[in-house]
Amino acid sequence: MLVPHFSETAPSEGMLAILQQEDSSECVVDQTPQYFFLLLSKVALNTLVLSFWLRSITKSMLGIYSISMYVVDLLLVCSISWAWWFRENLGTHVSVCFTLSHGSAVYSVLPLPVLAAGAIDYAARRHPEASQCSVARAAGHCGVVLMLWVLACSYSYCYTDTELLMVDYKEGAKALVCPVQASIVVSFFSLNLSLAVGFILLLYYRGLPHWVDQASKLSSQRAWILVPRSNQALSAKLETLEVGPIKEAPVAAVKVDQQPPLFVSLTLCFALNWTPYLLMSMACDTLGFTVPAYATVNLLWSACANSLLEGMVIWYSSTDNTPPYKSSDDICEWSIYWLLSKGYRWQMASETPHDKLSSPETADMAILEM
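**Observations regarding the pattern of salt bridges**
- Per the counting criterion, the structure on display carries three salt bridges.
- Between Arg55 and Asp330 there is a salt bridge; the shortest N-O distance is 3.4 Å. With a gap of 275 residues between them, Arg55 in the loop between α1 (32-53) and α2 (61-86) and Asp330 in the loop between α11 (299-317) and α12 (334-341) connect regions that are remote in the sequence.
- Of the charged contacts, one joins Asp213 and Lys217 as a salt bridge, the two residues approaching to 3.5 Å between their closest N and O atoms. Note that Asp213 and Lys217 are positioned in helix α7 (residues 208-220) at a spacing of four residues, about one turn of the helix.
- Asp213 sits in the partly exposed class, given a relative accessible area of 38%.

This is the structure we're talking about:
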């Protein structure tokens, strides 16, 4: 159980975590299991997100940070479970309070520098689809992430209050509480991003059903999408696609008159994947739910931030003849919505011999990676 609390020394919103309750009849209720299962649920959520992001998670700064956060969350679960199972009475609450206070303080200060580092990482490689995941780049990402964790832990060590407090929260009842922090950055991130996405889609609401339908058809045929490895060959291929159906493949792209601008198409792609998360975050803030930073700063947030940065870089660096493939985001199908913004849709070719797909003329083609 959590109650709001405001501290003059903390840069983020504070609250009090209730570790133990005692009523007038001296009935004591230990709340430690609630925090254990909360952190365990976060690890389960992180595992689910990791299963969707595993293929390219090491290609970006936010991906490396997410891996480190997964490890830290496991350590938090182990710390709470150890305090719960192997200590007694006040010793348990002291250990739990130490873990929750420092954990929330570290997580409350990490989102802003992590977003800044992730943005710099994407800006340093203008074409993310052309960047290879080298050992040197991964080592650099690990070094920056480690530095961020060290700075955040140093801040927590200097400024975090881990003192247990006994408060009277209602008549005849007392509670043993511990100060924890929330993350204002995550709240502002979700709120502002939701408003921006909603405003953009509202301006183009008339075409949304048609564009979603076309993107769904493109996505259903993505296993047959073939693109040349070179940009020059790709340019020639797209010119062929504009003329009519391709005879070398069972499906082909043809031009249509109504298509969304690129930034609208990418926004639609982002919204279709991340609207549930953004709505959930907005609902918690609107209804006044107090959620500590060690719960709100999770892999779901970092994957959402990574998708946002990926979409912005694709919009900034995209050209007419270069779709984004081999990106560092496994959640959003950016290539599908790039094609949608160029006005392509798929139609079946009349006849397609299977031997043509494996002929020497198509040896320089590669499956488009979404």
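**So, the packing of aromatic side chains**
- Tallied over the entire structure, the rule returns seven aromatic pairs.
- Above the face of the Tyr107 ring, Lys42 is positioned so that its terminal group lies 4.1 Å from the ring centre.

**Observations concerning the confidence of the model for the protein**
- The share of residues in the protein with pLDDT of 70 or more is 73%, and the mean pLDDT across the chain is 78.
- Mean pLDDT in the protein bottoms out at strand β9 (residues 365-367), which sits at 33, and peaks at helix α6 (residues 184-203), which reaches 94.
- Predicted confidence for residues 348-370 stays below pLDDT 50, and this span has 44 contacts to residues more than four positions away or in other chains.

**Some remarks on the state of the cysteines**
- Inspection of every chain in the model, using the stated rule, returns one disulfide.
- A disulfide bridge connects Cys97 with Cys178, and the sulfur atoms are separated by 2.3 Å. Every disulfide takes its handedness from the sign of the S-S torsion; for Cys97 and Cys178 that torsion is 85 degrees, giving right-handed. Here Cys97, found in helix α3 (residues 90-109), pairs with Cys178, found in strand β5 (residues 173-181); they are 81 residues apart in sequence, far enough to count as distant.
- Of the residues examined, Cys97 reaches a relative accessible area of 0% and is grouped as buried.
- For Cys178, a relative accessible area of 0% translates into the label buried.
- Of the cysteine sulfurs around Cys332, a residue in no disulfide, the closest is that of Cys269, at 4.3 Å.
- Take Cys332: its relative accessible area is 1%, and that puts it in the buried class.

**Comments concerning the pairing of strand β2 (residues 14-22)**
- Of all nine residues in β2, eight are buried, a share of seventy percent or more.
- Across eight bridges, the pairing between β2 and β5 is antiparallel. Residue Glu22 lies in a different strand from β5, and its bridge partner there is Lys174.
- The pairing of β2 with strand β3 (residues 28-30) spans three bridges and is classified as antiparallel. Residue pairing across strands places Gln21 opposite Val29, the latter belonging to β3.

**Some points on the environment of Ser51**
- Following the sequence through the fold, Ser51 ends up in helix α1.
- Taking the C-alpha atoms as reference, Ser51 lies 10.0 Å from Asp330; in sequence the two are 279 residues apart.

**Some details on the layout of surface pockets**
- There is about 520 Å³ of room inside the largest pocket.
- Sorting the residues of the lining of the largest pocket by element identifies α1, α6, α9 (262-286) and α10 (293-296) as the ones contributing at least two each.
- Counting residues per element, the lining of the largest pocket draws most heavily on α9, at five residues.
- For the lining of the largest pocket, the class distribution of residues is 13 nonpolar, eight polar and three charged.

**Side note on the nonpolar core**
- Ranked by internal contacts, the top residues of the largest apolar core, which has 79 residues, are Tyr65 and Tyr107.
- What Tyr65 contacts, discounting residues up to four positions off in sequence, is Tyr107, Leu110, Val114, Val145, Trp149, Val297, Trp301 and Ser302.

**Points about the environment of Tyr107**
- Mapped onto the secondary structure, Tyr107 falls in helix α3.
- Classification of Tyr107 as buried rests on a relative accessible area of 1%.
- Looking at Tyr107, its side chain comes within polar contact range of the side chain of Asp73, at 2.6 Å.

Cut-offs applied
Residues numbered from 1 in each chain as written. Predicted model: local features only at pLDDT ≥ 70, side-chain atom pairs only at ≥ 80, totals over all residues. Heavy atoms only, no water. Salt bridge = Lys/Arg side-chain N within 4 Å of Asp/Glu carboxyl O. Helix = DSSP H or I, 4+ residues; strand = E, 2+ residues; numbered from the N terminus. Buried < 20%, exposed > 50% of the residue type's maximum accessible area, 1.4 Å probe, protein only. Phe/Tyr/Trp six-rings, centres within 6.5 Å; stacked < 30°, edge-to-face > 60°. Lys NZ or Arg CZ within 6 Å of the ring centre and 35° of its normal. pLDDT = per-residue confidence, 0-100. Contact = heavy atoms within 4.5 Å. Disulfide = S-S within 2.5 Å. Pairing = 2+ DSSP bridges. 1 Å grid on protein atoms, 1.4 Å probe; cavity = no way out; pocket = protein on both sides within 12 Å on 5 of 7 lines; lining within 4 Å. Points joined across faces, edges and corners; volume = space filled by probe spheres on them. Nonpolar A, V, L, I, M, F, W, Y, C, P; charged D, E, K, R; others polar. Core = buried A, V, L, I, M, F, W, Y, C linked by side-chain atoms within 4.5 Å. Polar contact = N/O pair within 3.5 Å; in protein donor to acceptor, adjacent residues only side chain to side chain.

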